[in-house]
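Below are the chains, spelled out letter by letter.
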Amino acid sequence: MKFKDLRKKPWFRFFSNKYVLISIVFAGWMIFLDTNSWFIHHELDQEINELQDNKDYYEKEISKDKAVIKKLQDSVELEKFARQKYYMKRPDEDIYIIEYDTID
């Protein structure tokens, strides 16, 4: 196929138009090479989504901790928490900690 025959094809005439060529170069520049390229925006969107997930997780944890703090305002619940978590005892008590160990 000769160049003369190629110039008659409609797709070649379309892509050889200077405005189309400039538009293709501009689009390639914006997608791949620019500092605000599509790839960078995509990475930033992923990072925003991860940070939003972290924010949701920590908000749930904060609400759980607030519920625990509110619950520990009662002296009975505070004593129960101290006994279970930190093995605290009254002066006249003995505590026996039993750990179950299974051998497989």
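In case you missed it, the structure is sitting above this.
Residues numbered from 1 in each chain as written. Predicted model: local features only at pLDDT ≥ 70, side-chain atom pairs only at ≥ 80, totals over all residues. Heavy atoms only, no water.

Engineer: Summarise the overall build of the chain; cite the residues concerned and give the values.
Structural biologist: Looking only at helices and strands, the chain has five helices and zero strands in total. What you see for the chain is a C-alpha radius of gyration of 34 Å, clearly larger than the 13 Å of a compact globule of 104 residues, by over 25%. Each principal axis of the C-alpha distribution contributes one length, and for the chain these read about 105 × 40 × 20 Å. Counting every position in the chain, which comprises 104 residues, the buried fraction comes to 4%. Of the roughly 10,600 Å² that the chain leaves accessible, carbon and sulfur atoms contribute 59%. One way to put it: in the chain the 18 positive side-chain charges average out to a point 19 Å from where the 20 negative ones average out. (Helix = DSSP H or I, 4+ residues; strand = E, 2+ residues; numbered from the N terminus. Rg over C-alpha atoms; globule rule 2.2 N^0.38 Å. Buried < 20%, exposed > 50% of the residue type's maximum accessible area, 1.4 Å probe, protein only. Areas by Shrake-Rupley, 256 points an atom, 1.4 Å probe, with all protein chains shown as cover. Lys, Arg positive; Asp, Glu negative; His and termini not counted. Charge placed at Lys NZ, Arg CZ, Asp CG, Glu CD.)

Engineer: Got a sec to walk through the pattern of salt bridges? Specific residues and values, please.
Structural biologist: Scanning the model with the defined rule gives five salt bridges in all. The salt bridge involving K64 is made with E61; its shortest N-O contact spans 3.6 Å. Of this pair, K64 and E61 both sit in helix α4 (residues 38-71), separated by three residues, roughly a single helical turn. The class of E61 is partly exposed, set by a relative accessible area of 24%. We note a salt bridge from K71 to E77, for which the minimum N-O separation is 3.9 Å. (Salt bridge = Lys/Arg side-chain N within 4 Å of Asp/Glu carboxyl O.)

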